[in-house]
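The lines below spell out each chain.
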Amino acid sequence: MSKGKIVAGVLAPHPPHLVYAENPPQNEPKAECGWETLRWAYERLRKSLSQIEYDVLIVHSPHWRTQIGTHFLGVPHFKSLSVDPVFPNLFRYSYDLKVDVELAEAICKEAAGAGLETQMMRNKDFRIDYGTIVSCHMTDPQWRKPIVGISSNGAARYFNMDVMQAMMFKLGKATRAAVEKSGRRAVLLSSNSLSHRHFTKEPDVVEDMSFEHINNHNQYLWDMKMIDLMKRGRTREMIDILTDFTEQATAETEGGSLTWMMSALDFPKYPAEVHGYGTVIGTGNAVVEWREVRP
Amino acid sequence: MSCVKGYVLPGLPHLVLTPDANPGWKKVRQAMDKVREQIKALDVDVLMIYSTYWPSVIGHQIQANPSPEWVHVDDEFHALGSIPYKLRIDAELAKAYVDTARARKLTARTINYQGFPVDTGSVVVSKLVNPDNRLPAVIVSSNIYSDRAETLVLGKAAREALEKQGKRAVAIAVTSLSNRLHEHKIDPKDDKIHSLKDQEWNQKFLEFLEAGRLEDAAQLSRQFHREARVNKVANFKPFWWLASIMGQSNLYTGEILEYQPIYGSGAAVVGLTPAARAARDLEFDEADPDVYSGERNVLGGNTTDGDVELDVELDVEKP
């Protein structure tokens, strides 16, 4: 078996609005339009990923929140309906997905060996969170690839960002080690927004883009700062200031997805490809790809 | 009186799926069974539920599917098993609740979608205190950004909706006290409150509630949030809602039916019954008048048994 490899890492935000506006057959509500800058960003991402071979998507989602360690999907096949508890008017999605349980177990074991609390999720009635679904759908709408689903540990709230990041450094390294041993070619998805202060009201026509903008300028400045560091390949510095960013921009990076992915990619020094940036109900979202070797 | 009784109830799935695994969990389960019997004995029309396990962003979401049905699995405690549920919702009252909330300038909407994920807390409490759906329920979400004023108004909107429909209710806040879980897997027999600090704050809160001082407890919410809650949301809101829907006073008889740790968190089963006399240890005036009604002599009027007599005709304008 040849050595496995993480072939790309993607900041893949999960606002359900993006799936809603795409009007895929899996989603019951239908939209006229909306959030094109981000949807086109995902189009560019899909085009980019179509140029490489990969076997599996590994997704870390803040909307599967666990406090007792990190959990991994451990059932080979899930088929059910996901209704977003926050935006049920937009997202009622019938999913049918495969899980690479062997790889999930390998990462779980590797992480446990590194001292992390871990658990496999074996309940067949479990409903997949919408963060996982949206990020995977927007990356691979046909669901051709199996996934590994990883929960987000709440250590940032239970302790602080430093503790959470220390845990995600370990989880990222464990993910890389397990992928390499598995022989798989993996794409990582960090399923999170950047700044994350929402508006608490919606327009009557949810996709009315005349209402869409960043919640506040402070958030926007912070988002641009982070994206600039990504573009310059200064990911260590980005992670070093993530505590301040998270606090001051109410960022969804508190869930640990981005830290996990940077660690798994061994803190890339090469420039990331920013496919696009846009806001969704006031939050800041970027679709960003890290791939060392580009055609 | 629209709310004839209030409860604070825990919502972790252990109470349904594995109560026998720990003597404390069993006691909490038995207390929930007692609540079920207490409610059965009341002449009420509906359960009004505020669940801290159901977060919302777009204002306040109110369940309006007449019969939500699914098999629930908790995100964290999925290994304990699945909980099939079929609830009965008072959709008419839910709509009225939205109307009164909107009239008070809140953002609110009904939720009526097949497959909507009813939260763990609402499912657990419904299964235990209303297992046969004898009473319909109305369930409202907990907005992650809302704070005291918004939550008080939400409680008032609930009360107003009940009054408009002439319905009598039991109000239920589904919440733990301290909410810090153990971060590592434990043997159930080794369960305990996560820290001494959490334990002390829980006991302090329970002292207030046992004395019937719901409004005082509610006014301690910010402090409690800082001291004994993992800060996942803007503030600790369930007691603001409960105090508001029940009339913002200390005029209750409190009953601590049980208090035990569940996986490190503080699980209290508390009943609050409206009473004509308040506890003596008053920190806050009980009324929430819309019109100033003169001095209420809250420092005078000590009686021989030590209690303080109060004017219980709240919100009434006096000449």
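Residues numbered from 1 in each chain as written. Chains lettered and ligands numbered in written order. Predicted model: local features only at pLDDT ≥ 70, side-chain atom pairs only at ≥ 80, totals over all residues.

Trainee: Please clarify how the overall build of chain A should be interpreted in this entry.
Mentor: When its secondary structure is counted, chain A shows 10 helices and 10 strands. In summary, chain A has a C-alpha radius of gyration of 18 Å against a globular reference of 19 Å for 295 residues, a match within 12%. Dimensions of chain A, computed from C-alpha atoms along their principal axes, come out at roughly 50 × 45 × 40 Å. Put simply, chain A has 295 residues, and 55% of those count as buried. Relative to all contacts within chain A whose residues are 6 or more apart in sequence, the contacts with residues 24 or more apart total 82%. (Helix = DSSP H or I, 4+ residues; strand = E, 2+ residues; numbered from the N terminus. Rg over C-alpha atoms; globule rule 2.2 N^0.38 Å. Buried ≥ 20, exposed ≤ 12 C-beta atoms within 10 Å, placed from the backbone. Contact = placed C-beta atoms within 7 Å.)

Trainee: Is there a simple way to think about helix α5 (residues 148-165) of chain B in this case?
Mentor: Structurally, the α-helix is built with 3.6 residues per turn, so residues lying three or four positions apart point the same way. Residue and element names in this part refer to chain B. Taking 1.5 Å of rise per residue, 18 residues should cover 26 Å, and α5 covers 26 Å from first to last C-alpha, within 8% of that figure. Along α5, the residues that are buried comprise Glu150, Thr151, Leu152, Val153, Leu154, Gly155, Lys156, Ala157, Ala158, Arg159, Ala161 and Leu162. A positive backbone phi angle near 65° is found at Gly166, which sits one or two residues after α5. (Expected span 1.5 Å × (residues − 1).)

Trainee: Can you walk me through the environment of His196 of chain A in this structure?
Mentor: All names here are of chain A. Tracing the sequence through the fold places His196 in the loop between β8 (185-190) and α7 (217-231). For the pair His196 and Ile214, spaced 18 residues apart in the sequence, the C-alpha separation amounts to 9.6 Å. Dropping the residues within four chain positions of it, His196 is found in contact with Thr250, Ala251, Glu252 and Thr283.

Trainee: What's the story with the interface of chain A and chain B in this structure? I'm lost.
Mentor: How big an interface is tends to be stated in terms of accessible area lost as the parts join. Contacts between the two partners involve 23 residues from chain A and, on the opposite side, 28 residues from chain B. Mapped onto the side of chain A that touches chain B, the elements with two or more residues apiece are β2 (56-66), β4 (77-83) and α5 (155-158) of chain A. Looking at the side of chain A that touches chain B element by element, the count peaks at three residues for β2 of chain A. In terms of residue class, the side of chain A that touches chain B is made up of 10 nonpolar, five polar and eight charged. (Nonpolar A, V, L, I, M, F, W, Y, C, P; charged D, E, K, R; others polar.)

Trainee: Explain unusual backbone geometry to me, please; I cannot follow it from the model alone.
Mentor: Note: most residues except glycine have negative phi, and most peptide bonds are trans. Residues and elements named next belong to chain B. A positive phi angle, near 75°, is found at Lys105, a position not held by glycine. Relative to the helices and strands, Lys105 is located in the loop between α3 (91-103) and β6 (108-111). Lys105 sits in the exposed class, given 8 other C-beta atoms within 10 Å. Although it is not a glycine, Asn133 sits at a positive phi angle of roughly 55°. Residue position: Asn133 is located in the loop between α4 (120-129) and β7 (137-143).

Trainee: I would appreciate a short explanation of helix α4 (residues 130-139) of chain A in the present structure.
Mentor: For α4 of chain A, the buried fraction is high: 10 of the 10 residues fall into the buried class. Of all the positions in α4 of chain A, only Tyr130, Gly131, Thr132, Ile133, Val134, Ser135, Cys136, His137, Met138 and Thr139 of chain A are classed as buried.

Trainee: What's the story with the environment of Ile147 of chain A in this structure? I'm lost.
Mentor: Residues and elements named next belong to chain A. Structurally, Ile147 can be placed in strand β7 (residues 147-153). A sequence separation of 74 residues divides Ile147 from Leu73, and the C-alpha atoms of the two residues are 9.0 Å apart. Excluding anything up to four places from it in sequence, Ile147 contacts Val56, Leu57, Val59, Leu97, Val99, Asp100 and Cys136.

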